[in-house]
Amino acid sequence: MGTATPKYQILLDWVLENAESGKMKPGCKIPSENELAEMFGISRQTVRHAIGLLEQKDVVKRVRGSGTYLEYGMPEGENRQAGPAGQGAAKGQERKEGEDSKEGQEPWEGQKSGRLARTLPRRYQNVAVISTYADDYIFPSVIQGIERTLSKNHYTMQIAFTRNRVSREREALANLIEKDCIDGLILEPAQSALPSSNIRLYQTLAERHIPILCFHCSNPELDFPCVAMDDRQVGGQAVSYLIEAGHKCIGGIFKSDDSQGHLRYQGFEQALKKAGIKPKGREVVWMDTVAMAEMELWADYLFRRLEGCTAVVCYNDQVAYRLAMLCQKRGIRIPEDLSLVGIDHLEQAFGGQQKITSFQHPKEALGRKAAENMIRMIENPLFDGNYLFEAPLVELGTVKKLV
């Protein structure tokens, strides 16, 4: 399944198509940031990102106090070989690992002549990684995939961990800006569903033409490409699976401060509506990072909200496991009294005490793909780094069939 064309790519295509067709001549002044933002319904930050990429390719030139001008037309005899980047971004099931679809090939890839075909020189062979966590849950496998792929391609990796705290993310970004010795940044934003107070730091990196790729999730304010599980789809798959098993009163527990939680909820809600079941707000519980770690403290509230549900979709396997332990203390049997579905399929994280029916996270494969796409973004700033993975279901006996 393809992903939507990134907002910055739409502006890139417009400028390049006008240059290619001759509608815009070398030396022609292009509209201002404000005008472009209004024309395309995008932020000024996104406009700056697109113009920066065009400037790297010597397509435009910014003149301080005057504006931005088309510096060169399309090189004679060269045509774009593919549609907009983003059409080829697909789930892991539709593009085999390590293969690239011709449909998703970035413009001018493989062409060696002409200004627009030039790639940027590698400066440091160093990629920074900022992750929320390091040594628990799915993170070791993901980071291992990133490190192995970067190393295989002769890149070093420097890494920082934020514990999902915006303040620690700010420190890591400031350190990268001060040292200025990276070719790219692979990032999992802290508290990605909340407004980011680190926007200016990201702008500084973008102004230095350092490509940024998110993994697991992206902050809507950042508008960077992302390699992730298809969270919206997996939320819908979980609901559909429970409905097929005969469940109609389905609750949900979702994370409020990470965008993955919002996407999984969107899929959850859409699948209920598609099945003709009206979602009930009372049966959906939202929690942030701290609350998720302290579920036992608000167990009474949780079970009041889920009262009457025959099944629950959990944000991830950690939540599902903790809910299962709370149920055990209250004499609620899994799955006889309550069916559980998790997401990520990481049973070994819980010492084998409870096996949860879950949707499998790609883990190391996601890390490899993030690193591969980052390298391609370094080598070609017009490459669209978006990629979504499918999540196969692993049935482990925590769902009771009512039909």
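For the structure, check the block above.
Here is a short report on the structure shown in this document. Every chain's residues receive numbers from 1 upward, in the order its sequence appears when written. Side-chain atom pairs in this predicted model are given and counted only at pLDDT of 80 or more, local residue features only at pLDDT of at least 70, and totals for whole chains, interfaces and linings cover all residues. The side-chain numbers reported here are obtained from all heavy atoms of the structure, hydrogens and water having been left aside.

Our focus in this paragraph is the overall build of the protein. What the protein contains, in helices and strands, is 12 helices and 14 strands. When the 403 residues of the protein are sorted by exposure, 54% land in the buried category. Across the protein, contacts joining residues at least 24 apart in sequence account for 76% of those joining residues at least 6 apart. Accessible surface is estimated by sampling points in the Shrake-Rupley manner with a 1.4 Å probe; for residues, cover comes only from the protein chains shown. In the form shown here, the protein has an accessible surface area of approximately 18,100 Å², with 48% of it arising from carbon and sulfur atoms. Strands are runs of DSSP state E lasting at least 2 residues, helices are runs of H or I lasting at least 4, and numbering of each runs from the N terminus. Buried residues are those whose accessible area, probed at 1.4 Å on protein chains only, stays under 20% of the maximum for their type, while exposed residues exceed 50% and partly exposed ones sit between those limits. It only takes one pair of heavy atoms within 4.5 Å for two residues to be counted as in contact.

With that settled, the discussion passes to the packing of aromatic side chains. In summary, the pairing rule links any two rings of Phe, Tyr or Trp, Trp by its six-membered ring, whose centres are within 6.5 Å, and it sorts them by plane angle into stacked for under 30 degrees, edge-to-face for over 60 and tilted for everything else. Scanning the model with the defined rule gives 10 aromatic pairs in all. The interplanar angle of 40° and the centroid separation of 5.8 Å between the aromatic rings of phenylalanine 254 and tryptophan 286 together place this pair among those described as tilted. Of this pair, phenylalanine 254 sits in strand β8 (residues 250–255) while tryptophan 286 sits in strand β9 (residues 284–287), and the two are 32 residues apart along the sequence. Taking the relative accessible area as the measure of exposure, phenylalanine 254 reaches 0% and is therefore buried. On the basis of relative accessibility, which here comes to 36%, the residue tryptophan 286 falls in the partly exposed class. Taken together, the ring pairs connect Phe254, Tyr265, Phe268 and Trp286 into an aromatic cluster.

What follows is about the sheet that holds β8. In sheet architecture, strand pairing relies on hydrogen bonds along the backbone and comes in two forms, parallel and antiparallel. Pairing within the open sheet is mixed, and its six strands lie in the order β9-β8-β10-β11-β12-β14. With partners counted over all chains shown, the strands left at the sheet margins are β9 and β14 (393–394), one partner each. One requirement defines pairing of two strands: DSSP has to find at least two bridges between them. Sheet analysis places strand β11 (residues 339–344) next to strand β12 (residues 358–360), joined by three bridges and oriented parallel. In the strand pairing of β12, isoleucine 343 is matched with phenylalanine 359. Fitted lines through C-alpha atoms give the axes, limited to the stretch in contact for helices. The angle between two N-to-C directions lies from 0 to 180 degrees. Those strands touched by helix α8 (residues 259–274) are β8, β9, β10 (311–314) and β11, and its axis lies near 160° from that of β8.

Residues Ile253, Leu302 and Leu323 are the most contacted members of the largest nonpolar core, which totals 26 residues. Broken down by secondary-structure element, the contributors of at least two residues to this core are β9, α9 (289–293), α10 (299–305), β10 and α11 (317–329). A per-element tally of this core places α11 first, with eight residues. Setting aside its immediate chain neighbours within four residues, leucine 323 contacts Ile253, Met295, Leu302, Phe303, Val312, Cys314 and Leu340. Definition used in this section: a nonpolar core is a set of buried Ala, Val, Leu, Ile, Met, Phe, Trp, Tyr and Cys residues joined via side-chain atoms within 4.5 Å. Listed in part, the 22 residues of the second largest apolar core include Met229, Tyr241, Phe254 and Phe268.

Glancing now at the packing of helix α4 (residues 139–152) against helix α12 (residues 364–379). Relative orientation of the contacting elements α4 and α12 amounts to 40°, with a least axis distance of 6 Å. In terms of their interaxial angle, α4 and α12 are classed as oblique. Between α4 and α12 lies a crossing of right-handed hand. Here Ser141, Val142, Gln144, Gly145, Ile146, Arg148, Thr149 and Leu150 of α4 come into contact with α12, specifically with Glu364, Leu366, Gly367, Arg368, Ala371, Glu372 and Ile375. Residue composition of the contact of α4 with α12, by class: six nonpolar, five polar and four charged. Roughly parallel refers to an angle under 35 degrees, roughly antiparallel to one over 145, roughly perpendicular to one between 65 and 115, and oblique to any angle outside these ranges. When the near helix sits turned anticlockwise from the far one by under a right angle, the crossing is termed left-handed; a clockwise turn instead gives a right-handed crossing. Classes in brief: Ala, Val, Leu, Ile, Met, Phe, Trp, Tyr, Cys and Pro nonpolar; Asp, Glu, Lys and Arg charged; the others, Gly included, polar.

The next subject is the state of the cysteines. Disulfide assignment relies on a single distance test, namely cysteine sulfur atoms paired within 2.5 Å. Enumeration over the complete set of coordinates arrives at zero disulfides. Just so you know, cysteine 214 is unpaired, no disulfide at all, and the nearest cysteine sulfur is the one on cysteine 226, 5.5 Å from it.

With respect to topology, six strands assemble into an open sheet ordered β4-β3-β5-β6-β7-β13, the strand pairing being parallel. Bordering the open sheet on either side are β4 (156–161) and β13 (387–389), each of which pairs with just one other strand. On average, each strand axis in the sheet is inclined to that of its neighbour by 15°, with strand direction left out of account. Here two bridges tie strand β6 (residues 212–215) to strand β7 (residues 226–229), and the two strands are oriented parallel to one another. Each residue of the ladder has a partner; that of cysteine 214, found in β7, is cysteine 226.

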